[in-house]
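# Observations on the three-dimensional arrangement
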Amino acid sequence: MKHPAPAHPIRLIPGLAASHLRHDWILTLCLVVALAAVIAPLLVLMGLKSGTIETLRERLVEDPVYREIRPAHTREFASEWFEQVARWPGVDFLTPTILPLSSVLQVVHPQGGRNELFDLIPTGPGDPLLLENGARIPGDGQLVLSAEAARRMGVTAGDALQVRVTRTRGTRTEEARETFQVLSVLDARAGSLPRVYAPLDLVVDVEAFKEGYGAPDRGWAGDTPEPFLSFDGAILLLDEPLDPIARTGLIINTGFARLTDADGQRVQQRLGVPVPESLTAYDVFTPGSAVTVSNLRAIEQKLRGREAVVLPYVDQLPLVDAQGREMVLAGLSLSPRQARLLQAPVPPWGGFTGRAASAGELTSVLVPKDHAGDSLQVTSAGARTLTLHLDVVGAGDWQHPVVPVELLGVLRTGTQRALTYRGETGSFEMARGGYRGFRLYARSIDDVPALAARLQEQGLEFVAQVEAIQRIQVLDEGLGRLFWLIALLGISGGTAVLVASLYAAVERLRRDLGVLRLLGLARWHVFFFPVAQGVMIAALGLLAALGGYASLAWAINRTFSSELAPGERFCTLPGEQILMAIAATLALAVLASLVAAWRATRIDPAEAIREH
């Protein structure tokens, strides 16, 4: 008769350990309940941390408004700036915007004739505000409306809307019209303001039309506006001094802020010509602000009835000559009457006209007698570097070359706005300026603080939900620390319970373990006996804890269901966290049983014989 092969001793240990736990089932049950009482609250706490934080994060992540960064103030941004920022890590979408006043658009319902003023917002491929709020990206001839704009107009996707763009030039009011299709209507959560989202090309054309430019592709008439004139102040020359009341009256409602006495040296420095002692000179200006033609006209109205001359001036311009040396130009435009009062010659270009002089006259220059040549090259380093060749039209006892003051007004404007100089005609044109703002969306809310910090380094003031995002991050970190403190306390208690109970079990089984040694089991076989018991007790306690966690989590989520959106949970554990909890519990059980296992290997088989 063939006897079955005896089982390997290492395979007998788990069975013996399970039999012993089943035999002492009351003690085993107490240990399982004790472990479950430690593990279950930790699982619930971890579930609350995970569920609460994730719910808040999801609410922020799902709403693109929390990922938006926009400038707080209007300033000019070059195209290169957008190319640079678009390459920053964490940037999901970036598009330029225009001046707020230029973005107001009149929208007319083609059937009802109802019209409203809406804000025009540029958009483009990848705009998360549109894509994540139920809209598609509009193309040429299409618009996307916010929910409020669609409600006011009474239109839905597929309807047609007429857009009117108006501008005033001189005394005329001009208008451009075009009909667009409503491609989509945004969800209400995208914003409560009435807005129209359109491709950037349309938005730029609208701004250009309002500034006087034409949009030939759309059939909108217009031209290239002349640059406006700007000055640093004006010199007032009067035959009699002003009384204090008249002095004060000159700076009221004229755009000027200060009026001071001007001595002959200051006047000659500003105008390039000396002033007869019979005239009283004043300097009017507004610190930090430009003086415009309307300011000059206003103060001329105030001086009506007096023998007065108003001569604008520009203080300093970054000018260099053909050799790269700094140079100074005096700006002086005099009518025959003004020239007679100043006892100065009438310049070939005549008096101040209030606008850029006609081509040819604007680039004329009177040079000192020692100047050689019939032209003078001047380079102005403004918003865009301009190199001019001034035509010499005369020479005289001038300290500096004298040009029409309108030219200096244009060049001063060129320090703030980009200008184009056409040498063949000697005329200036306003170049298309940079963009006046931007719409930037981060890929996630975690990218917003970093992007905000980079913009802040550039000196930009912006609007972003950085504080709300940082509150969530701080809450996440705080709950994390709180959880690990409580977890450390619970783990310590659970480990102590296991160590004590398993060690006590080994002490109670000294004789039985000694008998196993007499039967031929090696020390390392006996070593695994308390380890197997520890793993079994931990597994049973973990199962009981998971059951308790599931019941309590269901109760919590049901209690707060009215505060939650579909799919949201206040208490939930992702699968990977459950697996981590199982692995951590079993690993701790093994570690806790090592002391008892070591004690089991120290039992001498002779003790079992002696006790018998």
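We now turn to the structure provided with this report. Along every chain, residues carry numbers that run from 1 in the direction the sequence is written. Only residues with pLDDT of at least 70 are given local features in this predicted model, and only at 80 or more are side-chain atom pairs given and counted; all residues enter the totals for whole chains, interfaces and linings. Derived side-chain values reflect all non-hydrogen atoms in the structure, with water molecules and hydrogen atoms excluded from consideration.

Counted as salt bridges are all cases of a side-chain nitrogen of Lys or Arg within 4 Å of a carboxyl oxygen of Asp or Glu. This structure, assessed with the given rule, holds 18 salt bridges. Arginine 218 is the partner of aspartate 205 in a salt bridge, and the nearest nitrogen-oxygen pair spans 2.7 Å. Here aspartate 205, found in helix H6 (residues 200–210), pairs with arginine 218, found in the loop between H6 and strand S9 (233–238); they are 13 residues apart in sequence, far enough to count as distant. Its relative accessible area of 21% is what places aspartate 205 among the partly exposed residues. Only runs of H or I of at least four residues qualify as helices and only runs of E of at least two qualify as strands under DSSP, and these elements are numbered from the N terminus. Residue exposure (1.4 Å probe, protein chains only): buried if accessible area is under 20% of the type maximum, exposed if over 50%, otherwise partly exposed.

Attention now moves to unusual backbone geometry. With a phi close to 60°, asparagine 253 is a non-glycine residue in the positive phi region. With respect to the secondary-structure elements, asparagine 253 resides in the loop between helix H7 (244–250) and strand S10 (258–261). A positive phi is found at glutamine 343, a non-glycine position, where the angle reads about 55°. Note on placement: glutamine 343 falls in the loop between helix H10 (336–342) and strand S15 (364–368).

This brings us to the side chain of glutamate 174. Tracing the chain through its elements places glutamate 174 in strand S7 (residues 172–185). The class for glutamate 174 is buried, based on a relative accessible area of 16%. Of note is the side chain of glutamate 174, whose polar atom sits 2.6 Å from the side chain of arginine 167. As used in this structure description, the phrase polar contact means that two N or O atoms lie within 3.5 Å; if the pair is within protein, one of them must be able to donate a hydrogen and the other to accept it, and residues adjacent in sequence are counted only when both atoms belong to side chains.

Okay, the environment of glutamate 361 next. On the secondary structure map, glutamate 361 appears in the loop between H10 and S15. With a relative accessible area of 34%, glutamate 361 lands in the partly exposed category. Separated by 11 residues in the primary sequence, glutamate 361 and glycine 350 place their C-alpha atoms 9.4 Å from one another. We call two residues in contact when some of their heavy atoms are within 4.5 Å. Among residues more than four places away in sequence, those in contact with glutamate 361 are Trp349 and Pro404.

Where nonpolar side chains cluster on the molecular surface, the patch consists of Trp25, Ile26, Leu29 and Val33 and spans about 440 Å² of accessible area. Tracing the sequence through the fold places tryptophan 25 in helix H2 (residues 25–62). Judged by relative accessible area, tryptophan 25 falls into the exposed class, the value being 54%. The patches described consist of residues with a relative accessible area above 30% and no salt bridge, like charges being joined within 9 Å and nonpolar side chains (Val, Leu, Ile, Met, Phe, Trp, Tyr) within 5 Å. Here the accessible surface of atoms and residues is derived via Shrake-Rupley with a 1.4 Å probe, and residues count as covered only by protein chains that are part of the display.

Our next topic: the nonpolar core. Core analysis: the biggest nonpolar cluster contains 45 residues, and Leu236, Leu329, Leu390 and Phe428 have the highest contact counts within it. Sort the elements by how many residues they give to this core and helix H11 (residues 405–414) lands first, with 5 residues. The contacts of leucine 329, once residues within four sequence positions are left out, are Leu319, Leu376, Val378, Leu390, Pro401, Val403 and Leu408. Remark: nonpolar core denotes a set of buried residues (Ala, Val, Leu, Ile, Met, Phe, Trp, Tyr, Cys) joined through side-chain atoms within 4.5 Å. Ranked by size, the runner-up nonpolar core spans 25 residues in total, among them Phe118, Leu145, Leu202 and Trp220.

Turning our eyes to something else, we now look at the packing of aromatic side chains. Aromatic pairs are defined between Phe, Tyr and Trp rings, using the six-membered ring for Trp, whenever the two ring centres lie within 6.5 Å; interplanar angles under 30 degrees are classed as stacked, those over 60 as edge-to-face, and all others as tilted. All chains considered together, the criterion is met by 11 aromatic pairs. Between phenylalanine 77 and phenylalanine 82 the ring centres are 6.2 Å apart and the planes differ by 65°, which places this aromatic pair in the edge-to-face class. Overall, the relative accessible area of 2% leaves phenylalanine 77 in the buried class. Centroid distance phenylalanine 209 to tryptophan 220: 5.7 Å. Interplanar angle 70°. Geometry classified as edge-to-face. Of this pair, phenylalanine 209 sits in helix H6 while tryptophan 220 sits in the loop between H6 and S9, placing them 11 residues apart in sequence. When its relative accessible area of 5% is taken as the criterion, tryptophan 220 is described as buried. Among the aromatic residues, those joined into a ring-pair cluster are Phe77, Trp81, Phe82, Tyr435 and Phe438. Put simply, a charge is over a ring when the Lys NZ or the Arg CZ is close to the ring centre, within 6 Å, and near the line of the ring normal, within 35 degrees. Above the face of the phenylalanine 209 ring, arginine 167 is positioned so that its terminal group lies 3.8 Å from the ring centre. In this arrangement the basic side chain of arginine 218 is found over the ring face of tryptophan 220, its NZ or CZ atom lying 5.8 Å from the centre.

Turning our eyes to something else, we now look at the sheet that holds strand S11 (residues 280–285). Strands pair in a sheet through their backbones, by hydrogen bonds, and they do so in one of two ways: parallel or antiparallel. When DSSP finds at least two bridges between two strands, those strands are taken to pair. Strand order in the open sheet made by the 4 strands is S10-S11-S9-S12, with antiparallel pairing throughout. The open sheet terminates on both sides in strands that have one partner only, identified here as S10 and strand S12 (308–313). Neighbour-to-neighbour, the strand axes of this sheet turn through a mean angle of 25°, independent of strand direction. Note: S9 against S12, 6 bridges, orientation antiparallel. Residue pairing across strands places glycine 233 opposite tyrosine 313, the latter belonging to S12. To get an axis, a line is fitted to the C-alpha atoms, and for a helix only the part in contact is used. The angle between two axes follows their N-to-C directions and goes from 0 to 180 degrees.

Before going further, it helps to spend a moment on the sheet that holds strand S22 (residues 462–464). Sheet architecture is open: 4 strands sit in the order S2-S21-S1-S22, paired in antiparallel fashion. Two strands lie at the open edges of the sheet, namely strand S2 (91–97) and S22, each paired on one side alone. Direction aside, neighbouring strands of the sheet carry axes that sit 15° apart on average. Note that strand S1 (residues 68–71) and strand S21 (residues 437–442) share 2 bridges and pair antiparallel. Opposite isoleucine 69, over in S21, you have leucine 440 as the bridge partner.

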